[in-house]
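Structure at a glance
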Amino acid sequence: MPNRVRQSPDDATARPRVGLLVTCLVDLFRPAVGFAAVRLLEDAGCVVDVPAVQTCCGQPAYNGGDSGNARAIAKRTIEAFEPFDYVVAPSGSCAGMLREHYPRLFPTGAGWHGRAQALAERTHELVSFLADVLGVREVAARFEADATYHDSCSGLREMGVRGQPRRLLASVGGLTVAEMRDSDACCGFGGTFCVKYPEISTRLVDEKCAKILATGAGVLLGGDLGCLMNIAGRLARESHPVRVFHVAEVLAGTAGRGIGERGR
Amino acid sequence: MSIARERILASVRRSLRRAGPLPESVREVLDRRLDAPAPNLKPALDDDPVSHFVHKADAVHARISRVSTLAEVSGVVLRHIEEHGLGESIVAAPGLEGVQWSNRLAVERRAARGSDQISVTGAFAGIAETGSVMLLSGPESPTTLNFLPEDHVVVLRESRIVPHLEDAWAMLREERGSMPRTVNLICGPSKTGDVELVILEGAHGPRRLHVIVVRE
Amino acid sequence: MKSAAHDFPSRARAGLQNPDLVRAMARARTGFIDKRRAAVDALPEYPQLRRIAREIKEHTLQHLDYYLERFEARVREHGGHVHWASTPAEAQAIVLDVCRAAGAKRITKGKSMVGEEIALNEALEAAGFEPIETDLGEYIIQLANEPPSHIIAPAIHKTRDQIADLFHARHAQYGLHERRTEPTALVGEARTVLREKFQTADVGITGANFLVAETGSSVIVTNEGNGDLTNTLPRVHVVTAGIEKVVPTLEDMSTILRVLARNATGQEASAYTTLSSGPRRAGDLDGPGEYHVVLLDNGRSQMLGNEFHEMLRCIRCGACMNHCPVYHAVGGHAYGWVYVGPMGSVLTPLMVGLDEARDLPNACTLNGRCREVCPMEIPLSDMIRKLREREFDERLTPPRTRLGLRAWAFAARRPALYRFVTSLAMRVLGLLGRRRGRLRRLPLAGGWTGTRDLPAPAGETFMAAWAKRRVEKR
Ligand code: SF4
């Protein structure tokens, strides 16, 4: 891929070492997002590794009130990612878990608190990391589509992701992005919320779908696979032909099969 | 003193991790904060106070009339009555002085009654920031006049218009020393949004608020 | 008011299926959100004011005993009475005593969330008094015999037709026989009926948005003017307020007023801000002869010392519910008690018990929009999460959920096991969904697949594919 912005010289020792927090949903459901993330990071000059001991950031336990298990999982994750310069996740929600919530799991003053805090400061959501830390201004990808962008709640409110994906998407050849109304309204995923309160969740995702459809866009993009699976699943059930991708796939130029689409 | 009082205060102190009342030194600091209250941040106004007041009061649908002297108040009230088809008997605040009432008007000076159509009262201050008038209760200015009549006319001198609410508090402390039973800050006519969030004026209080700003 | 919070699931379902509610909530969503946004954006100093307002509340809470005592002393100096109530029952008893001593019959009421919290109307009626809500929204729901569904717009769930029916049925006794549906006509009709009530009431009961320690004033902020007719015309004025309502000075109140009106209704200032300090003074021609303030604790003093203390900064503006997608979907009645939306999901479990209200903190996507708009920067999502923690610790979480969480966490803490189980599961799911790319039905996942397809996994997990890539690269 030509024309990628490189921050560091090719000297491997000077290149930022990034530990990719794949996130459990990407790991299990859509590895393509993980590979897109690796590609974007490598193209921007990072050395990327994926610690093998990672499983999940622990949100289901944390948000389910089980702080004991959340703490245990957090410790594992902290250990796994401590050697890296940065932790990057293709998800505002998981990055937010590390950045905002890991430190709170441990009492201030305790050794683990300090370690959590230190890791939190090096943790980023993928697209904002590319834009804000690495200074990537454009990508070389092409993607012919009229799209709209959903702001996932944690990315927006915990990680400050809003303008970065839109700016990078603006450099994708062939792509236009139209804003939907209330792009910052919750899609109704909410982790286990969507299965604990399916009727409420469905109402929320219906409202989201209506706003997506109102833009006339043929493609929905977003930065969190949980939200995207929720929206894609509802759009498919209601037979709306909107294609859904993670923003990393489009930026990396690897968007092929949309979420929930059959193999081609 | 009630048991509940002691129970609640004890519980508050327990929560604040204190065995008893605040130590004297801290109390003194807090006493000073209360005895010499200082304004917090006052938002900047982009206009002189009088123009700002007029602009803001107008925005909340108060009717504004600007006159040079108190002598003109009677005429404004008469026109208001004609325009809205009200009777010619009005209730004026007993303390409203210096207005020469037209002899077409039957003026009573008292508290309001349910059947009153229009009252005329004097404002203690006008708040430019919000376009509100401040009225104080007292033998000279019964509070019911501000709420019971269908129409409420307030006489406000320009010299009493201050930029912010904080300035009016300072004036109140200086001129009155203590709080009257009621201080009313009134910003536009009575309104409600309780039927399908449609904003309608004239809910329970006056349907129209007319502020006569007097220059002299 | 008796809590029905345990009924959240069925009440939420009823709300979701009520077409009138859906329309009402759609109206509320755009109305409140857009107006607030415009009002906040028009004030450049808003961020600083918000920070100062928060600091004022925090400072007051840290010295709450001092400010309450100062407030009490000032009220006494004015010739008023201050009563303290630990529980709703105590508060009810105090108000009833005051009403009895006044020989009251008819009692007008201004809107008060504390009045709802202590179920004052029920208590007054049971004791033979005639309480009349005078805020139009409260009046409507009193006629309908329903609880409020919003803290500042209590009848937001009612359509004009429903209000017309109510008035038609209930106003015939006043000689008003025509069924009218125009909002202006409805407002006019209520005005006519309530006028007479205002003038014949013996006691007027209001809430308070602030209690000012400096001056011993109780403050109400309203738009209709009903609160003023309530606190001026009857012989006795009773104020019911939570102990957290106190602020140090008039200046402090002025700062909070600026953020309150904008967040509540999108106004720069409400129509009426009224300070009442004691009974009528010698020589006054009107105003109540007696003035009572009932200070209610009801768990607040304990919240002060625990991880929920920030909730005491709440100024009851309603912005959190106005921005809550779950509230919009289910409506206020689903919450089953006085407080609704995000602030209700925190307060209700704390006030009526977590076992009674365990659904409320769970029925939240933790999207954080409420916290983003809350003028007092109350970390509502964090508190909701803390309540879930408490629920888990107290073993109130349903056994199935608990077991599921445990099993998942057991694996998540053991990467090798996790890898083994998940790659197997994903391979199966991948095969099942290969033809369509998604699954329409899946055992044990009805919560998802009831209304949504499940995008099928690729089959091979990222971690497996990555391991291969590493081997290839070497
Ligand atoms: S929690 Fe915040 S937003 Fe909600 S009512 Fe209270 S102050 Fe307003």
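Parameters and conventions
Residues numbered from 1 in each chain as written. Chains lettered and ligands numbered in written order. Predicted model: local features only at pLDDT ≥ 70, side-chain atom pairs only at ≥ 80, totals over all residues. Heavy atoms only, no water. Near = heavy atom within 4 Å. Nonpolar A, V, L, I, M, F, W, Y, C, P; charged D, E, K, R; others polar. Contact = heavy atoms within 4.5 Å. Buried area = accessible area lost by both parts, 1.4 Å probe. Salt bridge = Lys/Arg side-chain N within 4 Å of Asp/Glu carboxyl O. Polar contact = N/O pair within 3.5 Å; in protein donor to acceptor, adjacent residues only side chain to side chain. Buried < 20%, exposed > 50% of the residue type's maximum accessible area, 1.4 Å probe, protein only. Helix = DSSP H or I, 4+ residues; strand = E, 2+ residues; numbered from the N terminus. Phe/Tyr/Trp six-rings, centres within 6.5 Å; stacked < 30°, edge-to-face > 60°. Lys NZ or Arg CZ within 6 Å of the ring centre and 35° of its normal. Axes fitted to C-alpha atoms, helices over the stretch in contact; angles between N-to-C directions. Parallel < 35°, antiparallel > 145°, perpendicular 65-115°, else oblique. Left-handed = near helix turned anticlockwise from the far one by under 90°. Core = buried A, V, L, I, M, F, W, Y, C linked by side-chain atoms within 4.5 Å.

1. Quick look at the site of the ligand
Taken together, C:Cys314, C:Ile315, C:Arg316, C:Cys317, C:Gly318, C:Ala319, C:Cys320, C:Met343, C:Cys374, C:Pro375, C:Ile378 and C:Leu380 make up the full set of residues adjacent to the ligand. Partitioned by chemical class, the residues of the shell around the ligand number ten nonpolar, one polar and one charged.

2. With respect to the interface of chain B and chain C
Taken residue by residue, the interface counts 80 residues in chain B and 103 residues in chain C. Both faces considered, chain B and chain C share a buried interface measuring about 7,300 Å² in area, 56% of it formed by carbon and sulfur atoms. Its largest share of buried area at the contact with chain C, chain B owes to B:Arg181, B:Glu196 and B:His204, together 14% of the area lost on that side. Counting every contact that joins chain B to chain C gives 16 salt bridges. Residue B:Arg7 is joined to C:Glu90 by a salt bridge in which the shortest nitrogen-to-oxygen separation is 3.1 Å. Across the contact surface, chain B and chain C share 51 residue pairs in polar contact (both at pLDDT 80 or more).

3. Describing helix 7 (residues 126–133) of chain A
All names here are of chain A. The element helix 7 is largely enclosed, with a buried count of six among its eight residues. All buried positions along helix 7 are accounted for by Leu126, Val127, Ser128, Phe129, Leu130 and Ala131. Close packing links the buried residues of helix 7 with strand 1 (17–20), helix 2 (31–43), strand 3 (86–89), strand 4 (123–125), helix 9 (163–169) and helix 13 (247–251). Residue Glu125 occupies the N-cap position of helix 7, its side-chain oxygen lying 3.0 Å from the main-chain nitrogen of Val127.

4. Overview of the interface of chain C and chain A
Across the boundary between the two partners, chain C contributes 66 residues, which contact 69 residues of chain A. It is C:Arg413, C:Arg452 and C:Phe462 that lose the most area in chain C upon contact with chain A, and together they represent 12% of the buried surface on that side. Counting the contacts that link chain C with chain A gives nine salt bridges. When the shortest N-O distance is used, the salt bridge between A:Glu42 and C:Arg469 registers 3.1 Å. The tally of links from chain C across to chain A stands at 32 residue pairs in polar contact (both at pLDDT 80 or more). Counting residues per element, the side of chain C that touches chain A draws most heavily on helix 23 (residues 462–473) of chain C, which supplies seven residues. Here the side of chain C that touches chain A is built from residues that sort into 30 nonpolar, twelve polar and 24 charged.

5. A look at the packing of aromatic side chains
In this description, an aromatic ring pair is defined by two values, namely the gap between the centres and the angle between the planes. According to the stated counting rule, one finds 16 aromatic pairs over all chains in the structure shown. With a centroid separation of 5.0 Å and an interplanar angle of 80 degrees, the aromatic rings of C:Tyr66 and C:Tyr67 are classed as edge-to-face. Using a relative accessible area of 1% as the deciding quantity, one classes C:Tyr66 as buried. For C:Tyr67, a relative accessible area of 0% corresponds to the buried category. Relative to C:Tyr339, the ring of C:Trp337 lies with its centre 5.8 Å away and its plane at 75 degrees, an arrangement referred to as edge-to-face. Judged by relative accessible area, C:Trp337 falls into the buried class, the value being 4%. With a relative accessible area of 0%, C:Tyr339 lands in the buried category. Across the ring face of A:Trp112, the terminal group of A:Arg115 is positioned such that the distance to the ring centre comes to 4.1 Å. Lying over the aromatic face of B:Phe124, B:Arg160 brings its terminal NZ or CZ to 4.8 Å of the ring centre.

6. Brief notes about the packing of helix 8 (residues 136–144) of chain C against helix 9 (residues 160–170) of chain C
Residues and elements named next belong to chain C. At their nearest, the axes of helix 8 and helix 9 sit 10 Å apart, and the two run at 65 degrees to each other. Overall, the two elements helix 8 and helix 9 adopt an arrangement that is roughly perpendicular. Crossing angle aside, the handedness with which helix 8 passes helix 9 is left-handed. Of the residues in helix 9, those touching helix 8 at Leu136, Tyr139, Ile140, Leu143 and Ala144 are Ile163, Leu166, Phe167 and Arg170.

7. Some words on the nonpolar core
For soluble globular proteins, the rule of thumb is that nonpolar side chains tend to be buried together. A:Ile200, B:Met134, B:Trp169, C:Met311, C:Val330 and C:Met343 are the most contacted members of the largest nonpolar core, which totals 118 residues. Considering every element that reaches this core, the biggest residue donor is helix 12 (residues 250–265) of chain C, with seven residues. Beyond its immediate sequence surroundings of up to four residues, C:Met311 is in contact with C:Met303, C:Met343, C:Val346, C:Leu347, C:Ile378, C:Leu380 and C:Met383. Core analysis: the second largest hydrophobic core is formed by 75 residues, A:Val127, A:Leu221, A:Leu235 and C:Leu439 among them.

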